[in-house]
Structures are given as structure tokens and as C-alpha cells.
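Residues per chain are reported as follows:
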Amino acid sequence: MATPSVLEVRPPALTSISEPLPFFDGTTRLYICYLCPFAQRAWITRNCKGLQDKIELVPIDLKNRPAWYKEKVYPTNKVPSLEHNSKVLGESLDLIRYIDANFEGAPLFPTDPAKREFGEQLISHVDTFTSGIYPTFKGDPIQQTSAAFDYLENALGKFDDGPFFLGQFSLADIAYVSFLERFQIVFSEIFKHDITAGRPKLATWIQEGNKIDGYKQTKVDREEYLEAFKKKFLA
Ligand SMILES: N[C@@H](CCC(=O)N[C@@H](CS)C(=O)NCC(=O)O)C(=O)O
């Protein structure tokens, strides 16, 4: 994780005219979309475990996706999915656990029972957290999201042996970071509000997260995300 940062070349996204891949040929493939925060969770996990050579990244253009993706790979037609050992698995929160448990590389979930328990709580809360934020964009987001961000600030006070939820960077952070990255962009650019104001632990969490190479490599393109966000939520 502390190795010097060299930006991995991002392969171009596959589209409706891309040839099908030689599925189930023994290659492990992680299907993602560069804009997708769910897919980003699995991508970060792959990177932080140093699995760049073991898990091939296959970006898909969701706006113009190849028909074979639904037909031959993942019938739900969503990303992320992981082709591994002749099976295809999905659901980002399941995938991050699966990649952590079934591949080599430093474990991303601690063994300490108190940390594990709190990590599980945080991971089960993440859908409530994210789904509570989006509807506020049509209302008063600063006011209406305040309790949700305070929850994270308080959670970051639970362990003091590092800046992350469970001390060291873990699956609990991975569950949240791609969404926080997007919320920070939207709040600062559109609502002119700093979500870390008055939340020093959250500020440090973001700052320290930005130093983790495996995560840095996956960060969303700010302009592209803002454009997509405006179309989807503000149109
Ligand atoms: N619960 C799923 C959600 C995945 C998801 O909704 N991905 C979006 C992209 S961000 C998708 O593939 N959408 C395509 C579609 O719904 O057709 C997970 O955690 O993996």
C-alpha cells in the first residue's frame, strides 16, 4: 500500500461493438464501470491486495454495453461482477469480502473481535447511509445530511490506532470511500459546502485515504462524474 504511486493505465471501456471475451478460460475478470461507486469498491479491494496481475480489469460502457455481458456473463446486467473459477459473482459488498477471503495479499478485515463487530455494523449501515443522501439533492442537502455525516464522524472516534474506521484501512472504509468521494465532489461543486467542516476526523479520513495508492488509482474523473450527476439528479 505504501509503494510509490504509478498510475495504472486504464483500459478502454468495452461497448456494444466489442467482441466477446474468451469467458471461463481460467482468467479472473472484474467487470466494472469507471463511474460506478459500487464497482469501485471491488476495484479498490483488488488493488489494495496487490492483485493487479491476478484479476483483470474489464471496464464496460454502461450506456452502450455489449449484449454478451448480460447474455454470457452477468444476467442482472449490472457492475461489478467477478468471473472466477468458472462462476460469476456480483454485489459489491459480497465481492469485497470474497476477494479479501479468496485471494492472496494482506487481509483487509482485522482479526480483533471488537473491530470485526464494529466493521460489520458499519458495512451493514452503508446502504442506509448512501440511500439517505441522494434524495436530499432535491431538498436542502446541507441540513438534511448533517446527521448522516455526523454518524461517520462519531464512528471514526471508536478506535484511535489509526485514521480509519477500524484503525487501519479496511473493508469498512472501502464500503464508504467511493460514495464519500462523490458526495464531496457534489457538495463542494454544486452546493458550495465542505462536508468535512466541523468534522475533523472525517477530514483526516479523506486526507489519509487519498494517500492509499490502491484507492487513488480508482478515483472517479471529477468532470465526468459531475456531468453525469447533473443529468441524473438535477435535470
Ligand atoms: N447492489 C449492487 C448495485 C450495483 C449497481 O447498481 N451498479 C450500477 C452502476 S453504478 C449498474 O450496473 N447499473 C446498470 C443497470 O442498472 O442497468 C452492488 O452493490 O453491486
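Reading the values: the criteria
Residues numbered from 1 in each chain as written. Predicted model: local features only at pLDDT ≥ 70, side-chain atom pairs only at ≥ 80, totals over all residues. UniProt positions renumbered as here; feature names shortened; annotations may be inferred. Axes fitted to C-alpha atoms, helices over the stretch in contact; angles between N-to-C directions. Helix = DSSP H or I, 4+ residues; strand = E, 2+ residues; numbered from the N terminus. Parallel < 35°, antiparallel > 145°, perpendicular 65-115°, else oblique. Contact = placed C-beta atoms within 7 Å. Nonpolar A, V, L, I, M, F, W, Y, C, P; charged D, E, K, R; others polar. Domains from an automatic or database assignment. Pairing = 2+ DSSP bridges.

Naming follows an unreviewed UniProt entry, where the chain appears as glutathione transferase of Glycine max. Under the Sequence similarities (unreviewed entry) heading, UniProt states for the chain: "Belongs to the GST superfamily. Lambda family." UniProt's Catalytic activity (unreviewed entry) comment on the chain is quoted here verbatim: "RX + glutathione = an S-substituted glutathione + a halide anion + H(+)".

Draft legend 1. Geometry of the packing of helix α1 (residues 37–48) against helix α3 (residues 92–102). Two elements in contact, α1 and α3, have axes separated by 8 Å at closest approach and are oriented at 10°. The orientation of α1 relative to α3 falls into the category roughly parallel. Packed against α1, whose contacting residues are Phe38, Ala39, Arg41, Ala42, Thr45 and Arg46, the element α3 presents Ser92, Leu95, Ile96, Ile99 and Asp100 at the interface. Split by residue class, the contact of α1 with α3 holds six nonpolar, two polar and three charged.

Draft legend 2. How the structure looks around the domain arrangement of the chain. Considered domain by domain, the chain is made up of domain 1 (1–108) and domain 2 (113–234). Relative to domain 2, the C-alpha centre of domain 1 lies at a distance of 22 Å. Every contact between the two is made by 20 residues of domain 1 and, on the other side, 20 residues of domain 2. Ranked by residue count, the leading element in the side of domain 1 that touches domain 2 is α1, at eight residues. Taken together, the residues of the side of domain 1 that touches domain 2 sort by class into 11 nonpolar, five polar and four charged.

Draft legend 3. Representation of the sheet that holds strand β4 (residues 87–90) within the structure. Strand order in the open sheet formed by four strands is β2-β1-β3-β4, and the pairing between neighbours is mixed. The sheet is open, and its two borders are formed by β2 (55–59) and β4, each paired with just one other strand. Neighbouring strand axes in the sheet, compared pairwise and without regard to direction, differ in orientation by 20° on average. Bridge count for strand β3 (residues 81–84) against β4 is four bridges, and the pairing is antiparallel. What sits directly across from serine 81, in β4, is glycine 90. Along the sheet face, α1 touches β1 (28–32), β2 and β3 and points at about 140° away from the line of β1.

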